[in-house]
There are 2 protein chains.
Amino acid sequence: MRDFLPAEKTRRERVLAVIRDRYRAHGFDEIETPVMEDYERLHAGIGGDNEKLAYNVLRRGLDADAVREAAADPAALADLGLRYDLTVPLARFYASHRSELPTVFRSVQAAPVWRAERPQKGRYRQFVQCDIDIIGDASTRAEAELIVATLDAVDALGLQDATVRINDRRALDAMLDTFGFPAAERPGVLITIDKLDKVGPAGVVAELRERGVHGRAVDTFEAFMNRPQTLEYLPYGEGQIRKALPDGVPDEVIADLVAIGEAVAATQPASEPDGAPLVFDPFLVRGMGYYTGTIFELAHPSVAYSLGGGGRYDGMIGRFLGTDMPAVGFSIGFERLVDLLETSEADAAASVVLIHDADVPLGGLLALKADLVAEGMRVRLERRTKNVKALLERAESDGFSSFATVNAGTKRADLEVKPLG
Amino acid sequence: MRDFLPAEKTRRERVLAVIRDRYRAHGFDEIETPVMEDYERLHAGIGGDNEKLAYNVLRRGLDADAVREAAADPAALADLGLRYDLTVPLARFYASHRSELPTVFRSVQAAPVWRAERPQKGRYRQFVQCDIDIIGDASTRAEAELIVATLDAVDALGLQDATVRINDRRALDAMLDTFGFPAAERPGVLITIDKLDKVGPAGVVAELRERGVHGRAVDTFEAFMNRPQTLEYLPYGEGQIRKALPDGVPDEVIADLVAIGEAVAATQPASEPDGAPLVFDPFLVRGMGYYTGTIFELAHPSVAYSLGGGGRYDGMIGRFLGTDMPAVGFSIGFERLVDLLETSEADAAASVVLIHDADVPLGGLLALKADLVAEGMRVRLERRTKNVKALLERAESDGFSSFATVNAGTKRADLEVKPLG
């Protein structure tokens, strides 16, 4: 868990402001839920592996006897827990407030989540997630809106040329069926296929053999991977999607993928020669078990890792609501984006450090400060020290753009504001 | 703990944005600390009554034996806790990062805290605090900057005519000394005096008698309260402060109060006839035990309760840092401010709901939406339902200002945007 010093905090808030502004423009409504949810709800089996990483909150008022009795049962010791994602709270929120929300509800959440992970580089125990979700729309309009809004948001952050890799769980299922993988083996097979980016086709095939997966299915899969067109991902469109897939994938799945591509392409500037910034990737898996249809990941040429991802999870809201409800979401990797954008921007607003002697009357000093603030400036007061140079360097590294010295009786009109640095 | 729906979340974010903007202009730097702090630090006796209300976080990986062993010792069951205020985390933050911060550090924090209070109207278990603090400045410049910045912030929120009631713990101490209250009785006496607003002078005297407080001291106190000038609070200035106090208050305390008043007055527009919007209140107490000097509360004529408060706490940072460090802080009652400002503002930005039939091609629809977003509008897509009137009413109540209907082939130039309502 990290402290954020002023420069970092400012950068984080700027990135958040851009993301919020863009999603809001695209019709998403921001909501907020409490950081703690009921223990039972957090541990209802929806959160996958993340559930095990939840921080649980000790019941209040437990006496020693109650603790002893509860020893073997964490649910008796803890009644609340910190959320480990924003999806479980969203499902709970939607079930609680459905009647107060539009029929098709487009939500945006930008908020911290907590996971008790082993500390390692780039992994934090408290980190911000930024999720958009559309609940109540079973059509591809939802996927297209999510993707267009997200591309606009990362574009506004200065990351042009982002692309979205897309696939569909139904296509993956059909593919595994066509290759002849037995149902019981498929979850393991998907975990191996998910490593394609890292280990390549030969590595995937080798790992499937090691796993002792059904031999003939692996042979079929290997032959398929060796076709020249299988890993030929561009340009996006019906021709490429059909070429990249084996037989047996339902036409409606292909039609959905094509419709999403056409809709996203229609929003791109005419100057973009390649159409939609989409890449169909028949081997994109996405880890979470709750996806039921399209799945996607945000990529950018400057980094090898994904900057976000999401997919359709039509079954999950229903578990809270008690009635079926289509839903699809896209989560931006906020922490990765902030790290990627970690260039020290100069402070945009005019700002000034006023260096004053200790004997400058307080009233005059604060009146001068108030005048500058009223003019739209950011103002810091610094009592003069022997080492004025150090004061000025400090102010410059803190993002201030100018300075002025103040003596007893200095008025706004007398002030000589000089640039720093 | 509350969910925030879109309208409420939007209002909260707007209030936060104004507060941040104003404090930033006045030279405060925003920081952020993790929501969890070490159990030992949270329960070090600095947080007063709030400490008892902390939510504690269960250690990970405790087995049943470990739980049984820990039964009587909460510190063995919990290693972390949620912060119950922003002052303890600030002290810890400052001690960790002092070398990276300016010599006089002006911080602003706007973040949630948690207290396991009994649910009651207007009290929440998760609520946002908004604190500014100045660390490293023992002079009255610090108090004056805090007060001026806070008055500017509430003014920018539309709450003109706010005032700050001010007192000094050193004056209170001297007063209790002059009246002859024995040292052991003073904490209880202060708790009773703190009720003056609610029960009046006679009520305070009666409660002191009931408490069995030293009789002659109560008599002296009663006589003092009955002087005509004692509860005559205006106008602020040296004359009134001296008149309102008994003998025995050190001159330097009075000089500090006068200097703060003059400095704040110097920042007020010349059109303000009353000078500083300050009220000297010799009976202002403020509950927390850690205050050592000036104490203050934010008031507004529209409400009977305080909208915030603070004071000087020169001893506390030293407990974390190991060396003395002056500090003074002002905390705005963010939740109260939001409630007070709860008028439904119209959405400032241009916004439009596009009503479309299900057969409008997705590409054309999303291209139209992208065009409007690029023009700076907020856009929501709505598939036409039988009850279009309900759709439009919903959109209006969600803050949208206009609507248009879209058919197959509608382009931006064809769009007839009509106002809602």
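Quantities reported herein were computed from a predicted structural model and do not represent experimental measurements.

Calculation criteria
Residues numbered from 1 in each chain as written. Chains lettered and ligands numbered in written order. Predicted model: local features only at pLDDT ≥ 70, side-chain atom pairs only at ≥ 80, totals over all residues. Helix = DSSP H or I, 4+ residues; strand = E, 2+ residues; numbered from the N terminus. Buried ≥ 20, exposed ≤ 12 C-beta atoms within 10 Å, placed from the backbone. Least-squares fit on C-alpha atoms with pLDDT ≥ 70 in both. Contact = placed C-beta atoms within 7 Å. Nonpolar A, V, L, I, M, F, W, Y, C, P; charged D, E, K, R; others polar. Pairing = 2+ DSSP bridges. Axes fitted to C-alpha atoms, helices over the stretch in contact; angles between N-to-C directions.

Student: Explain the environment of A:Pro269 here, please?
Tutor: Residues and elements named next belong to chain A. Here Pro 269 lies in the loop between helix H12 (251-266) and strand S8 (278-280). The exposure class of Pro 269 is exposed, given the 7 C-beta atoms found within 10 Å. C-alpha separation for the pair Pro 269 and Ala 70, spaced 199 residues apart in sequence, amounts to 62 Å.

Student: Please explain the relation of the copies chain B and chain A as it appears in this structure.
Tutor: Between the two copies of the chain lies a rotation about an axis combined with a shift along it. Screw-axis analysis of chain B against chain A gives a translation of 0.0 Å along the axis, an RMSD of 0.1 Å, and a rotation angle of 180°. Expressed as an axis order, the relation between the two copies is that of a two-fold axis. The residues that chain B uses at the interface reappear at the interface of chain A in 100% of cases, marking a shared surface.

Student: I keep staring at the interface of chain B and chain A and nothing clicks. Help me out?
Tutor: By a widely used convention, the size of an interface equals the accessible area lost when the partners come together. Taken together, the 62 residues of chain B in the interface contact 64 residues of chain A. The biggest single contributor to the side of chain B that touches chain A is helix H15 (residues 362-374) of chain B, with seven residues. Looking at the side of chain B that touches chain A residue by residue, the classes come out as 33 nonpolar, twelve polar and 17 charged.

Student: Is there a simple way to explain the sheet that holds strand S10 (residues 303-312) of chain B in this structure?
Tutor: Two strands in a sheet stick together by hydrogen bonds in their backbones, pointing the same way (parallel) or opposite ways (antiparallel). All names here are of chain B. Spatial strand order, S1-S5-S6-S11-S10-S9-S7-S8: eight strands in an open sheet with mixed pairing. Only two strands of the sheet have a single partner each, and these edge strands are strand S1 (29-30) and strand S8 (278-280). Strand direction decides the pairing type here: strand S7 (residues 163-168) and strand S9 (residues 294-300), joined by six bridges, are antiparallel. In the sheet register, Ile 166 faces S9, and the bridge partner there is Phe 296. The sheet contacts of helix H6 (residues 140-156) involve strand S6 (126-135), S7, S9, S10 and strand S11 (327-332), and relative to S11 the element is tilted by about 15°. Sitting on the sheet, helix H12 (residues 251-266) is in contact with S7, S8 and S9, with an inclination near 165° to S7.

Student: Would you explain the pairing of strand S4 (residues 78-82) of chain A in this entry?
Tutor: Regular strands have side chains that alternate between both faces of the sheet. Residue and element names in this part refer to chain A. In terms of residue burial, S4 counts as a mostly covered element, since four of its five residues are buried. Here strand S2 (residues 36-38) runs beside S4; their pairing, made up of three bridges, is antiparallel. Residue pairing for S4: Met 36 is matched across the bridge by Leu 82. Of the pairings in the sheet, the one linking strand S3 (residues 56-58) to S4 comprises three bridges and is antiparallel in character. Within the sheet, the bridge partner assigned to Asn 56 lies in S4 and is Gly 81.

Interpretation in functional terms is not warranted from these geometric data alone.
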